[in-house]
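Architecture at a glance
As a plain string of letters, each chain reads:
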Amino acid sequence: MTMNHVKRAFKYRFCPTGTQAAELSRTFGCVRKVYNLALAARTEAWTLRQERVNYNATSAMLTVWKKTEELAYLNDVSSVPLQQTLRHLQTAFANFFGKRAKYPRFKSRKKSRSSAEYTSSAFRFRDGELTLAKMAEPLDIVWSRPLPEGSVPTTVTVSRDAAGRWFVSLLVEDPDARPLPVTDAAVGVDVGLDHLLTLSTGEKITNPCHERKDRTRLARAQRELSRKEKGSSNRARARLKVARIHARITDRRRDHLHKLTTRLIRENQTIVIEDLTVRNMVKNHTLARAISDAAWAEFRSMLEYKATWYGREVVVVDRFFPSSKLCSVCGALQSKMPLNIRTWTCDCGTTHDRDVNAAKNLLAAGLAASACGAGVRPQRRTPGGQSATKQEPYGASRRIPPPSGGGMKSRVLPSHPGGRR
């Protein structure tokens with residue numbers, strides 16, 4: 001079995017001293033200031049002179065800014081995080097011009113994530129102790145899990161969330177990462193709201209509804225926050241209370257998804273899922289809260305990067321494939337399948353559970369397209385009854401034109417494996 005060198009980020013909590021917290025807060029502010037200055041300069045150059053400013057130009061600007069009296073405080077923090085934020089801005093513009101992202105936005109002190117990235121020249125890692133530039137003492141890190149033996153961090157990212165918790169993320173190359181043993185198992189996965197996942201094996205995994213369980217606590221905390229005077233200490237404490245409830249919901253949801261995706265990756269060589277446009281589906285205000293709580297996009301992201309790590313395959317079936325309306329036994333296509341119908345009987349006499357049948361159809365379509373290398377094209381929809389729920393959505397982007405011969409049209413898209421920091 002070949003060695004699979006992958007870069008992985010290990011994230012830990014840490015408790016800074018008062019001096020360290022002040023230094024990091026100062027660094028966060030300088031990083032945000034430099035990012036906004038560089039973004040303003042690049043925007044002005046493009047708007048007024050149709051000129052593209054690259055990283056080297058903004059790096060030269062940073063040198064000039066540091067020499068001014070107004071921005072002389074930028075010299076008080078490590079220069080590495082400031083250079084890194086300029087590189088991040090360069091990446092943001094590259095994604096924008098490559099039509100992979102929207103135009104970069106300015107960072108807000110209240111709403112933006114507070115973080116700073118250090119490269120190897122700006123930190124020291126010895127004997128399990130991490131010391132950042134401009135600091136005399138190492139960070140008090142809670143080592144909840146060990147780093148891979150012999151690995152040395154190449155990049156360190158320090159961050160503080162809205163709940164006031166401090167985190168450090170160490171990017172290392174994991175020499176022990178090996179693909180899992182190859183298996184013949186394959187599974188189709190249909191996501192939903194009543195049941196978070198329905199597998200082609202017939203297993204249904206209940207949706208824990210983490211946000212719904214804490215909804216009463218969250219609403220009460222938000223009401224208390226709204227009554228506090230803006231700018232007061234009481235409002236700051238109330239805001240922190242709301243943030244901690246949100247953090248609790250997010251942590252529990254992410255932990256549950258990690259366990260599910262790890263189990264699917266370990267047990268199956270091929271996992272077939274449906275390509276859903278969640279950002280369009282949450283426009284349905286009746287179900288937006290439940291869809292966001294289910295975190296289908298995060299589930300897919302976890303599956304894809306874990307499949308890359310462990311030598312598995314994720315096949316993504318086109319969103320227009322009629323998985324719910326197609327009989328998994330005889331292949332007959334039903335004309336209508338409203339969401340309130342959870343079980344139905346085909347003309348061939350087979351009674352289907354709607355979600356299990358959809359998962360079986362997804363598995364069959366994914367395996368067929370993976371085997372032959374060419375897929376089927378999406379079913380053309382007729383006007384009327386458009387829904388933003390997880391029933392084959394209409395009007396989504398990337399509609400495939402029908403083939404000249406007409407007939408069944410569904411397409412299987414290849415997976416897009418991606419890493420995660």
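Everything discussed here concerns the structure shown above.
Described in the following lines is the structure provided in the data block. (Residues numbered from 1 in each chain as written. Predicted model: local features only at pLDDT ≥ 70, side-chain atom pairs only at ≥ 80, totals over all residues. Heavy atoms only, no water.)

1. A word on a positive patch on the surface
As a reminder of what qualifies: Each patch is assembled from residues with relative accessible area greater than 30% and no salt bridge, linking like charges that lie within 9 Å and nonpolar side chains (Val, Leu, Ile, Met, Phe, Trp, Tyr) that lie within 5 Å. The Shrake-Rupley method, run with a 1.4 Å probe, gives the accessible areas here. Residue values count only the displayed protein chains as cover. We define a salt bridge as a side-chain nitrogen of Lys or Arg found within 4 Å of a carboxyl oxygen belonging to Asp or Glu. In summary, the charge assignment counts Lys and Arg as positive and Asp and Glu as negative, without counting His or the chain termini. Charge placement uses NZ in Lys and CZ in Arg. For Asp and Glu, CG and CD serve respectively. A run of H or I in DSSP counts as a helix once it spans at least four residues, and a run of E counts as a strand once it spans at least two, with each numbered from the N terminus. The buried label goes to any residue with under 20% of its type's maximum accessible area, the exposed label to any with over 50%, and the partly exposed label to all in between, with areas taken from a 1.4 Å probe on protein chains only.
Residues Arg 217, Arg 220, Arg 223, Arg 227, Lys 228 and Arg 237 make up a contiguous surface patch of positive charge. Per element, the largest residue contribution to the positive patch is four residues, and it comes from helix α5 (residues 215–227). With respect to the helices and strands, Lys 228 occurs in the loop between α5 and α6 (233–267). Here Lys 228 falls in the partly exposed class, since its relative accessible area comes to 32%.

2. Thoughts on the sheet that holds strand β5 (residues 155–160)
Our working definition: When DSSP locates at least two bridges between a pair of strands, those strands are taken to pair. Note on geometry: axes are C-alpha line fits, over the in-contact stretch for helices, and angles between N-to-C directions span 0 to 180 degrees.
On the basis of which strands lie adjacent, the open sheet formed by four strands has the order β1-β6-β5-β2 and antiparallel pairing. Both edges of this open sheet fall to β1 (6–13) and β2 (114–119), since each of them pairs with a single strand only. In this sheet, adjacent strand axes meet at a mean angle of 20° when their direction is disregarded. With six bridges joining them, β5 and strand β6 (residues 166–174) adopt antiparallel strand pairing.

3. Overview of the side chain of Glu 23
Using the following cut-off: Residue contacts are defined here by distance: any two heavy atoms, one from each residue, within 4.5 Å place the two residues in contact.
Mapping Glu 23 onto the fold places it in helix α1 (residues 18–49). With a relative accessible area of 9%, Glu 23 lands in the buried category. Those residues within four positions of Glu 23 in sequence are excluded, and the remaining contacts are Asp 76, Val 77, Lys 134 and Met 135.

4. Focus: helix α10 (residues 354–372)
Worth spelling out the cut-off: Take the residue count of a helix, subtract one, and multiply by 1.5 Å to get its expected span. By the criterion applied in these results, polar contacts are pairs of N or O atoms within 3.5 Å in which, for protein atoms, one can donate a hydrogen and the other can accept it, and in which residues neighboring in sequence qualify only through two side-chain atoms.
Taking 1.5 Å per residue as the helical rise, α10 with its 19 residues ought to reach 27 Å, and the 27 Å between its terminal C-alpha atoms agrees with that figure. Of the residues making up α10, those classed as buried are Arg 354, Asp 355, Val 356, Asn 357, Ala 358, Ala 359, Asn 361, Leu 362, Leu 363, Ala 365, Gly 366 and Ala 369. Structurally, the start of α10 carries an N-cap: the backbone nitrogen of Asp 355 is 3.1 Å from a side-chain oxygen of Asp 353.

5. Regarding the packing of α5 against α6
What counts, and what does not: By the definition adopted for this analysis, an angle is roughly parallel if under 35 degrees, roughly antiparallel if over 145, roughly perpendicular if from 65 to 115, and oblique otherwise. Handedness of a crossing is defined here by the sense of rotation of the near helix relative to the far one, left-handed for an anticlockwise turn of less than a right angle and right-handed for a clockwise turn. Just so you know the grouping, Ala, Val, Leu, Ile, Met, Phe, Trp, Tyr, Cys and Pro go in nonpolar, Asp, Glu, Lys and Arg go in charged, and all remaining residues, Gly too, go in polar.
Two elements in contact, α5 and α6, have axes whose closest approach is 9 Å; the angle formed by their N-to-C orientations is 160°. When the axes of α5 and α6 are compared, the pair comes out roughly antiparallel. Between α5 and α6 lies a crossing of left-handed hand. In this structure, α5 uses Arg 217, Leu 218, Ala 221, Gln 222, Glu 224, Leu 225 and Ser 226 to contact α6, whose residues at the interface are Arg 235, Ala 238, Arg 239, Lys 241, Val 242, Ile 245, His 246 and Arg 248. The residue inventory of the contact of α5 with α6, partitioned by class, reads six nonpolar, three polar and six charged.

6. Concerning the pairing of β6
Looking along a regular strand, one sees side chains alternate from face to face of the sheet. In terms of burial, β6 is largely enclosed, as eight of its nine residues are buried. Direction of pairing for β1 relative to β6: antiparallel, over a ladder of eight bridges. The residue of β6 that forms the bridge with Val 6 is Asp 174. Hairpin connection from β5 to β6: five residues lie between these consecutive antiparallel strands, with Gly 164 at a positive phi of about 85°.

7. As for the environment of Val 317
With respect to the element layout, Val 317 can be found in strand β11 (residues 313–317). In this structure, the C-alpha to C-alpha distance between Val 317 and Ala 369, residues 52 residues apart in sequence, is 9.0 Å.

It is worth stressing that arrangement in space is one thing and function is another; only the former is reported here.
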